[in-house]
Amino acid sequence: MDTKDLPNSPTTIDRRQFLKYTGAGAVAGTVSPLLPRLVPTASAAVPGTKNYEGALRIPSCCNMCGGQTGIECLVVDGRVVSIRPNSHNPNGFSNISTDFFANAVKEGAVMCPKGNAGIMTLYDPDRVKKPLRRTNPEKGIGVDPKWKEISWEEAYAEIAGRLQKLREAGEAHKLLWFSEDHSFTHIQGDFCKLYGTSNYSMHSNLCDTARKASFKMVMGHDRPLMDALQSRYILLFGWNPLSATKWAHLPRIVTRGLENGAKLVVVDPNFSYTAQQGEWVPIRPATDGALALAMAHVIIRDQLYDETFVRDWTVGFEEFSKYVADKTPQWAEGITSVPAATIERLGREFATTRPSLADVWSGPGQHSNAVQGGRAIACLNALVGSYDRPGTMVIPNNKGNKHIEVEADETAAKTVKMERFDGLTSYPFGHKSGVYCETFTRLVEGTGPYQPKIGVVFFQNLMMSVPGTQTVEQALKKLEFLVVNDIYLSETALMADIVIPGATYLERYDLNTHWVTWPVLGLRQPVVKPLFGQPTEYEFVAELGRRLGLKDKEGGEVFRVGRISGQPIEDLTAWYEEWLSKEIKEGEPKITLEELKALPGAVWVSQKGTAYEKYAQPIPEEKLKDALVEGTMVFSKKKDGTKDKQIGVMKDGKAYAGFSTPSGKVEFYNAKFAEKKDATGKPVAPLPVYEPRDWMPDAEYPLYSINWKEASHTHTRTHNNAWLVEIKPLNPLRINPKTAAKLGLKDGDEVWVESKYGKVKAKLQVTQGIHPEVVGLLHGFGHWGLGKIAKGRGTSDAVLRPTRAEPLSGQAMHKQNCVKVYKA
């Protein structure tokens, strides 16, 4: 089937222009997959392309990855013909308000290749178009489901019937629900609560919950943002923001920081594109914490720390100083392989080249020692006062829409209070997104508090995105009934009993509280109607809620009655628009959905802007009158006069906002952590201790194996996109020349990569750009489903690892792996 056979398909897109203006031609070589200014502003004509005079210009937000960049879609005769950046949305320009207000319209926003290629996902002929029912009861990798197309009524009836039967049996808690961590999450969470299950889990624990835990333990916020634009020293541990673009503004703010004179240092086993732009410090995987502790040793030994900040705004400095007293650069060299002289220099540079910042993401964050390692890195910022000041790690005030909470009725309340199946409470710094790895391990081993019966999966490919493919496969087979809502027949969809065709981001709504440092709310809105007449994901959930007769505590039909009008609304789209409008009205913007649509770029941008040193802001006297002071801490009061939320800290007889930690200050040390135990039963260390990860190379499996991401693809989602595959068609296994020579291997060889859990084939790429003790590849390839383009392309390494989570945060350990490599 050709793309032109699809409804509303584009017939005038020029692939060569896409490659030219996204910098994609460069990606095929060795340089940047994304450079600032490569894509012109949305208001400008694109040289060499048709400008579509008279086209509808519809602003929205991308969702080709989780970055949610602002976009503008050109629509002609109901067809999307071009996707361009939206200069009114800061997410594609800068995370600092002064920079955005002064320069965005003048310079124009940016977007990555995935954003441009979204049009090819919308019109992909391999999309699921109708509901499918499995007719083959056997399940597993390589098993033909023998799909049968069914009507929407049949699909709704069977799914609702199964769910109703489970609920009537008092077993609603035996429903497991998985979703992406941003898109239409509120309605899914509300459905689960009103249905009666606490087992709503999201993608975050596959991504960055270790980082969240590390920073929250030290400074009280789980996602501080780097102000690279104003920094003079940018120290990144295991992060590649110039290519693995979490947000589209990252390449711009980093490169502008470098243009302004900043130094960039990247600590990473892999010579990433970001590392190529500064100083590369190759390191053994999972030893970043030891490097950070040794740098702290140098800074404290030489008295280079910010004495005022440490005195006024931290606790535990004495205990931390004693701990790092013997964590010398020589000690760290033996652990990390980084020369002691380099560690000495990095410590001095970081402390004396201010403002400086240290940030850490998934590289060190997906091993068994991730949280404590990240905590040590977070303490580097504390030593030099690099929190919430210009050029440092800024605490975002990113308020947007407000989730209107619902309360379960009597029926749902009985089961929603049941223990979560994934054992989240066993992870002392776990995240609300749950623990995917624990879920699947418990399903297979039968070790959970009960045995789940039904699974529902939205926008997730669990079979390829969770470590230990074999475990996930066996776990999904344990469920009596599995529903997958996806736009493709992904590897997870191939395990389903019913597959529901989903919508792309160009066919549906969402609200985006953008990850910049001040309040911004962007609107994702349909730019075309769903191509196959299918309901959007939120409409599908609402229809299930209606068929199940789900009600809140007051007896209200949440999924039928409008949240503003209070009247039944039969049309699902109109009902959801009122749902969104209520969240916007009750949130920071205080406007309606229609008013948001009418704003330039369909984005609300607060004029308050980025605020710094919020921790040092005095608490107003009128607020203090209604507060409760206990020792040095300030709390708000409940209606009955008892203590409620922490709102500040007393210092020198005055009340300040402080940090959101138990002490109200940045914490090098917390004695109460020792009262907690991690998921293995081990007490949590009060200090950011370094301990080796619990799986190390040995004689049989002598090499570390890691993976990473780049701008050319998103997780396992984009590998059927023809344009993106042309940019990055394969993911060879990178190996150092010295290592290859020892093993008798050469560039281009087909090799086996084997761990004690499994083995896979890969094509070898010999390069100086990887640590000699490490091999690695780009994550996301190796599909046996998804679509014709993706199938059989590249290598997946998920089979090489166990399905295990980091014991403090529940983070999936994607990078903890030891292998041997030999010729196939």
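Please refer to the structure placed before this passage.
Procedures and definitions
Residues numbered from 1 in each chain as written. Predicted model: local features only at pLDDT ≥ 70, side-chain atom pairs only at ≥ 80, totals over all residues. Heavy atoms only, no water. Pairing = 2+ DSSP bridges. Helix = DSSP H or I, 4+ residues; strand = E, 2+ residues; numbered from the N terminus. Axes fitted to C-alpha atoms, helices over the stretch in contact; angles between N-to-C directions. Expected span 1.5 Å × (residues − 1). Buried < 20%, exposed > 50% of the residue type's maximum accessible area, 1.4 Å probe, protein only. Right-handed = clockwise from strand over helix to strand, strands pointing away. Salt bridge = Lys/Arg side-chain N within 4 Å of Asp/Glu carboxyl O. Contact = heavy atoms within 4.5 Å.

**Q** How should the sheet that holds strand S5 (residues 147-149) be read in this particular structure?
**A** Hydrogen bonding along the main chain pairs the strands of a sheet, whether they run parallel or antiparallel. Read from one edge to the other, the open sheet built from seven strands follows the order S5-S4-S17-S16-S15-S6-S7, with strand pairing classed as mixed. Each edge of the sheet is formed by a strand with only one pairing partner; in this case those strands are S5 and strand S7 (200-202). Going across the sheet, the axis of each strand differs from the next one's by a mean of 20 degrees, ignoring polarity. By the bridge criterion, three bridges tie strand S6 (residues 175-179) to S7 in an arrangement that is parallel.

**Q** Sorry, what's going on with helix H16 (residues 370-383) here?
**A** Because an α-helix completes one turn every 3.6 residues, residues spaced three or four positions apart along the sequence face the same direction. With 14 residues, H16 should cover 20 Å at 1.5 Å per step; its first-to-last C-alpha distance of 20 Å lies within 8% of that length. Across the 14 residues that make up H16, a large majority, 14, are buried. Gly-385, located one to two residues past H16, shows a positive phi value of around 70 degrees.

**Q** Before we go on, may I ask you to explain the pairing of S6 in this structure?
**A** Burial analysis of S6 places five of its five residues in the buried class, the great majority of the element. Burial along S6 is two-sided: the face carrying Leu-175, Trp-177 and Ser-179 and the face carrying Leu-176 and Phe-178 are both buried. Where S6 meets strand S15 (residues 454-458), five bridges bridge the pair, whose relative direction is parallel. The partner of Phe-178 across the bridge, within S15, is Val-457. Chirality of the crossover, the property in question, places the unit of S6, helix H6 (residues 185-195) and S7 among those that are right-handed.

**Q** Any chance you could explain the pattern of salt bridges here in plain terms?
**A** Where charged atoms of side chains with opposite charge meet at close range, the side chains can pair. All told, the structure shown has 57 salt bridges when counted by the stated rule. Residue Glu-107 is joined to Arg-256 by a salt bridge in which the shortest nitrogen-to-oxygen separation is 3.0 Å. On the criterion of sequence distance, the pair formed by Glu-107 in helix H3 (residues 97-107) and Arg-256 in helix H8 (residues 250-259) is long-range, its members being 149 residues apart. Judged by relative accessible area, which is 30%, Glu-107 ranks as partly exposed. A relative accessible area of 8% means that Arg-256 is categorised as buried. Sharing partners across several salt bridges, the network here consists of Asp-99, Glu-107, Arg-252, Arg-256 and Glu-259.

**Q** Just checking my understanding: could you explain helix H14 (residues 340-352) for this structure?
**A** The terminal C-alpha atoms of H14, which comprises 13 residues, lie 19 Å apart, in line with the 18 Å expected from a rise of 1.5 Å per residue. Of all the positions in H14, only Ala-340, Thr-342, Ile-343, Glu-344, Leu-346, Gly-347, Glu-349, Phe-350 and Ala-351 are classed as buried.

**Q** What exactly am I supposed to notice about the side chain of His-297 here?
**A** By the element assignment, His-297 lies in helix H10 (residues 288-301). On the basis of relative accessible area, His-297 is assigned to the buried category, the value being 10%. Those residues in contact with His-297 that sit more than four places away from it in its chain are Val-324, Ala-325, Asp-326, Lys-327, Thr-328 and Pro-329.

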